[in-house]
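This is what each chain is made of:
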Amino acid sequence: MAETNVKIEESWKKALQSEFDQPYFSALIQYLKAEKAKGKVIYPPGSLIFNAFDTSPLSSLKVVILGQDPYIKPNQAMGLSFSVPKGVRTPPSLINIYKELNTDLGLPIANHGDLTAWANQGVFLLNAALTVEAGKSGSHLKKGWGQFTDAVIRLISEERENIVFMLWGNFAKAKAELIDPEKHLILTAAHPSPLARGAYFGSKHFSQANDYLEKHGLGAIDWSL
């Protein structure tokens, strides 16, 4: 089968080429093109679909934070899980993440929702689906993205060591089976969404992550924004 041409950071492209070459991925690309041709609005913009990969090369990864879908409202999705561009109102789940950072590490609550500074340090902000139809959560997850991102998580587990995986909520927790617990630190908690009624608070994942990274000589993440 001819190679599927995907514009993505080179180390990821090389590592994931076998996935890009699979029929399911070609079908996914064709599905997205067909949906756009019908006039469907898809988030994030095409140039940002692989933003998490482009900003955090495989060799630089230290932490993986897994989300489910891109944001479904205009101007929010930017290809990094939980992140929104500067100038866009910070979503409720991210506000709760900031509150946890404040109690865990004493950091002030950021006045914006852009997490690119984390991604630049090797925090891989991965959504299980890399695209979504406007207003319709979960609309693209079973179109091939779920299979693809499961392969990405397995690849990270196999190719890297001492990565911190933060799995928030039942959907993310289910991905623990893809990760080797002998090689990596798996941290689980309730989802930071207000729907979890505060169960996320007190998880202290950020301090645990930095302790683990420093213990393995990898350097802590500067979580301030």
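Above this text sits the structure in question.
Let me sum up the structure you'll find in this document. On a predicted model such as this, the values are computed, not experimentally measured, just so you know.

**A look at the sheet that holds strand β2 (residues 63-67)**
Thinking step 1. The strand order across the open sheet formed by 4 strands is β3-β2-β5-β6, and the pairing between neighbours is parallel. Each edge of the open sheet carries a strand with a single partner, namely β3 (123-127) and β6 (185-189). Neighbouring strand axes in the sheet, compared pairwise and without regard to direction, differ in orientation by 20 degrees on average.
Thinking step 2. Sheet analysis places β2 next to strand β5 (residues 164-168), joined by 4 bridges and oriented parallel. In the sheet register, I65 faces β5, and the bridge partner there is M166.
Thinking step 3. Sheet contacts for helix α6 (residues 145-159): β2, β3 and β5; angle to β3, the most-contacted strand, approximately 155 degrees.
Thinking step 4. Contacts from helix α8 (residues 205-215) reach β2, β5 and β6, with the element oriented near 165 degrees to β5.

**Topic: α8**
Thinking step 1. Taken together, the buried positions of α8 are occupied by H205, F206, S207, A209, N210, Y212 and L213.
Thinking step 2. Contact partners of the buried residues in α8: β2, α4 (92-105), α5 (116-119), β5 and β6.

**With respect to the packing of aromatic side chains**
Thinking step 1. Scanning all chains against the criterion turns up 21 aromatic pairs.
Thinking step 2. Each ring, one from F53 and one from F124, has its centre 5.1 Å from the other, and the planes form 85 degrees; the classification is edge-to-face. Placement of F53 in helix α3 (residues 51-55) and of F124 in strand β3 is noted, with a sequence separation of 71 residues between them.
Thinking step 3. For F53, a relative accessible area of 0% gives the class buried.
Thinking step 4. On the basis of relative accessible area, F124 is assigned to the buried category, the value being 0%.
Thinking step 5. Arranged with centres 5.8 Å apart and planes meeting at 65 degrees, the rings of W145 and F148 form a pair that is edge-to-face. With W145 and F148 both in helix α6, this residue pair falls 3 residues apart, about one helical turn.

**Some points on the nonpolar core**
Thinking step 1. Within the largest apolar cluster, 69 residues are counted, with the highest numbers of intra-cluster contacts made by W12, F50, F53, F148 and W223.
Thinking step 2. Counting residues per element, this core draws most heavily on α6, at 6 residues.
Thinking step 3. The residues touching F53, leaving out its near neighbours within four places in the chain, are I8, E9, W12, L16, F124, L126, L130, F148 and V152.

**Observations regarding the pattern of salt bridges**
Thinking step 1. Scanning the entire structure with this criterion turns up 4 salt bridges.
Thinking step 2. A salt bridge links E35 to K38; its shortest N-O distance comes to 3.1 Å.
Thinking step 3. Residue classification places K38 among the exposed positions, given a relative accessible area of 60%.

Definitions and limits used
Residues numbered from 1 in each chain as written. Predicted model: local features only at pLDDT ≥ 70, side-chain atom pairs only at ≥ 80, totals over all residues. Heavy atoms only, no water. Pairing = 2+ DSSP bridges. Helix = DSSP H or I, 4+ residues; strand = E, 2+ residues; numbered from the N terminus. Axes fitted to C-alpha atoms, helices over the stretch in contact; angles between N-to-C directions. Contact = heavy atoms within 4.5 Å. Buried < 20%, exposed > 50% of the residue type's maximum accessible area, 1.4 Å probe, protein only. Phe/Tyr/Trp six-rings, centres within 6.5 Å; stacked < 30°, edge-to-face > 60°. Core = buried A, V, L, I, M, F, W, Y, C linked by side-chain atoms within 4.5 Å. Salt bridge = Lys/Arg side-chain N within 4 Å of Asp/Glu carboxyl O.

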